[in-house]
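Structural characterization, general
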Amino acid sequence: MLNIRHHIGLGELTTFGCSALAEHAVVVTNFQDLQEAVAFAHDKGLAMRVLGSGSNVLLTGDVSGLVIINHMHQRAECVDRRDVHIRFGSGENWHDAVTWTVHKGWSGMENLALIPGTVGAAPMQNIGAYGVEQASIFEELEAFHFDSGEIRKYVAADCDFGYRTSVFKRELRDKVMITSVTYRLSLDPKLVTSYRDVQEELAAMSIIEPTTLDIYNAVVSVRTRKLPDPRIIGNAGSFFMNPVITSEQASQLLEKHPTIPNYPQADGTVKVAAGWLIEQCGWKGARHGSCGVHDRQALVLVNHGGAVGSEVLELAENIQRSVADTFGITLVREVNVW
Ligand code: EPU
């Protein structure tokens, strides 16, 4: 029997920690729970939203309808020659999943260590870090469609993965819940060490020929040093995406600001570091009421305690305005605003 609760606090269930109430909320641990929860919402004509571990959500007001809290756990592996196919329940904690695979000796997820969130949120956002995106190890997922009650399988070609986006973040937002994700890892390490921070960390650890575990340890160490721990200070990782601009825009910008960190993309566009733009505008470490900009990574907004979502949004808008005025670049939010 499902335990549907009413008017419950969601703040503690998000890493930003801004308070808000859910009109109705329910924890689902398996497929049957999910079917019952969706039937309840249909019956009452309620909109549905899925909350994983709330690591990419900013609450700006009470949430009407039914919030489905995903606790669907599963890990099933299948080894096929040198490949390992692992199916995770979408409610699995991402970092625990990464740690488990690394300790099993499987390679592919190590660069994505310590990213907060659930496995189900990973394809939605197409999470990425230190030169790797989850799309590069993704095999398939299953998603439950709220309207039809069907479970559909999606292979990579169906997901339209892009930089921090997918069909689940756009067209299928709030229409489906991802129930499982399968990744293809390898028994043969295929290490990505191109990211400067990782290289520097490996050098500091005096490691010349790194293993999968070394990369994992290096990433954990860089992230721990640079990014605020959401258990200590509320945040949702990068608040904005790194803007992707045309090569002409990039040339003009580089003429005026030659030190801007920039990453030419395969399609000719250029990604520029939003953290650098924000820092240049003087925001790094700035306070705005109870929230502010992290003092070691200007792309991360933080809740110093008791911040309300609208205050964080106000700060974000001030930052967007100042980056637009100074550099002519529009910053787009990465965080989902509820
Ligand atoms: N930088 C600054 N000032 C800052 C922050 C960054 O000058 O305050 C410069 C850095 O010196 C560096 C460049 O900007 O030259 C890039 O910085 P960093 O390596 O920290 O990465 P990022 O581009 O700011 C992205 C992801 C992170 C991911 C890291 C590492 C996005 C939106 N963010 O950040 O992902 O961990 O790369 O791969 O793409 C997240 O999505 O929540 C997230 C944390």
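Residues numbered from 1 in each chain as written. Predicted model: local features only at pLDDT ≥ 70, side-chain atom pairs only at ≥ 80, totals over all residues. Heavy atoms only, no water.

**So, the side chain of Thr182**
So the rule is basically this: The secondary structure listing takes helices from DSSP runs of H or I that are at least 4 residues long and strands from runs of E that are at least 2 residues long, numbered from the N terminus. Burial classification: accessible surface area is computed with a 1.4 Å probe over protein chains only, and a residue below 20% of its type maximum counts as buried, one above 50% as exposed, and the rest as partly exposed. For this analysis, residues touch if any pair of their heavy atoms sits within 4.5 Å.
Locating Thr182 in the fold gives a position in strand S12 (residues 176–186). Here Thr182 falls in the buried class, since its relative accessible area comes to 8%. What Thr182 contacts, discounting residues up to four positions off in sequence, is His85, Ile86, Arg87, Phe138, Glu139 and Glu140.

**Brief notes about the sheet that holds strand S2 (residues 21–28)**
To keep things clear, this is the line we draw: The pairing criterion is simple: DSSP has to find at least two bridges between the two strands. Throughout, an axis means a line fitted to C-alpha atoms (over the contacting stretch in the case of helices), and angles, computed between N-to-C directions, take values from 0 to 180 degrees.
Pairing is mixed in the open sheet, where four strands are placed in the order S1-S2-S5-S3. The strands lining the two open edges of the sheet, one partner per strand, are strand S1 (5–9) and strand S3 (48–51). Pairs of neighbouring strands in the sheet enclose a mean axial angle of 45°, with direction left out of account. Pairing of S2 with strand S5 (residues 63–70) involves six bridges; the strand directions are parallel. Residue Val27 lies in a different strand from S5, and its bridge partner there is Ile69. Relative to the sheet, helix H1 (residues 31–44) contacts S2, S3 and S5, its axis offset from that of S2 by approximately 150°.

**Thoughts on the packing of aromatic side chains**
So the rule is basically this: The criterion for an aromatic pair is that two Phe, Tyr or Trp rings (for Trp, the six-membered ring) have centres within 6.5 Å, with stacked assigned to planes under 30 degrees apart, edge-to-face to planes over 60 apart and tilted to the rest. The criterion for a charge sitting over a ring is simple: Lys NZ or Arg CZ within 6 Å of the ring centre, and within 35 degrees of the ring normal.
Evaluation of the coordinates by the stated rule reveals 13 aromatic pairs. Measuring from ring centre to ring centre gives 5.2 Å for Phe239 and Phe240, while their planes differ by 70°; the resulting arrangement is edge-to-face. In this pair, the class of Phe239 matches that of Phe240, namely buried. Their ring planes at 50° and their centres at 6.0 Å tell us that Trp276 and Phe327 sit as a pair that is tilted. One end of the pair, Trp276, is in helix H8 (residues 274–280); the other, Phe327, is in helix H9 (residues 309–327), and 51 residues separate them in sequence. Among the residues examined, Trp276 registers a relative accessible area of 15% and is labelled buried. Among the aromatic residues, ring-to-ring pairing joins Phe88, Trp94, Trp100, Trp106, Phe138, Phe161 and Tyr183 into one connected group. Sitting over the face of the ring of Trp338, Arg49 holds its NZ or CZ atom 4.9 Å from the ring centroid. Residue placement shows Lys271 over the ring face of Tyr163; its charged tip is 3.6 Å from the ring centre.

**Topic: H1**
As a reminder of what qualifies: To estimate the expected span of a helix, count its residues, drop one, and scale the result by 1.5 Å. Our arc is simply the arc of the directions from the helix axis toward the C-beta atoms. The term polar contact refers here to a pair of N or O atoms within 3.5 Å; inside protein, the definition further demands a hydrogen-donor-capable atom paired with an acceptor-capable atom, and it admits residues adjacent in sequence only when both atoms are side-chain atoms.
Compared with an ideal rise of 1.5 Å per residue, which puts 14 residues at 20 Å, H1 spans 20 Å between its outermost C-alpha atoms and is within 8% of the ideal. Buried within H1 are the following residues: Asp33, Leu34, Ala37, Val38, Phe40 and Ala41. The buried residues of H1 occupy an angular sector of 155° when the element is viewed end-on, so they sit on one face. Of the residues in H1, the exposed ones pointing more than 90 degrees away from the buried face are Gln32 and Asp43. Looking at the buried side of H1, the elements it contacts are S2, S3, S5, strand S10 (138–145) and S12. You can read the cap of H1 off the contacts: a side-chain oxygen lies 3.1 Å from the backbone nitrogen of Gln32, and it is on Asn30. One or two residues past the end of H1 sits Gly45, with phi positive at roughly 65°.

**Considering the sheet that holds strand S15 (residues 262–264)**
The strand order across the open sheet formed by three strands is S14-S16-S15, and the pairing between neighbours is antiparallel. The open sheet has two edge strands with one neighbour each: strand S14 (244–245) and S15. Alignment of S15 against strand S16 (residues 270–272), held across three bridges, turns out to be antiparallel. Residue pairing in the sheet places Pro264 in a bridge with Val270 of S16.

**Considering the domain arrangement of the chain**
So the rule is basically this: Where each domain starts and ends comes from a domain assignment, either automatic or drawn from a database. Joining two parts hides part of their accessible area as seen by a 1.4 Å probe, and the buried area is that hidden amount summed over both. A side-chain nitrogen of Lys or Arg and a carboxyl oxygen of Asp or Glu constitute a salt bridge if their distance falls within 4 Å. Residues were grouped as follows: Ala, Val, Leu, Ile, Met, Phe, Trp, Tyr, Cys and Pro as nonpolar; Asp, Glu, Lys and Arg as charged; and all remaining residues, including Gly, as polar.
For the chain, the domain assignment lists domain 1 (5–70), domain 2 (75–186) and domain 3 (234–337). In this assembly, five residues from domain 2 lie in contact with six residues from domain 3. Of all residues in domain 2, the largest losses of buried area upon contact with domain 3 belong to Gln125, Tyr163 and Arg164, amounting jointly to 75% of the total for that side. At the boundary of domain 2 and domain 3, one finds one salt bridge. In this structure, the salt-bridge partner of Glu334 is Arg164, at a minimum N-O distance of 3.7 Å. Inspection of the domain 2/domain 3 interface yields five residue pairs in polar contact (both at pLDDT 80 or more). Taken together, the residues of the side of domain 2 that touches domain 3 sort by class into one nonpolar, one polar and three charged.

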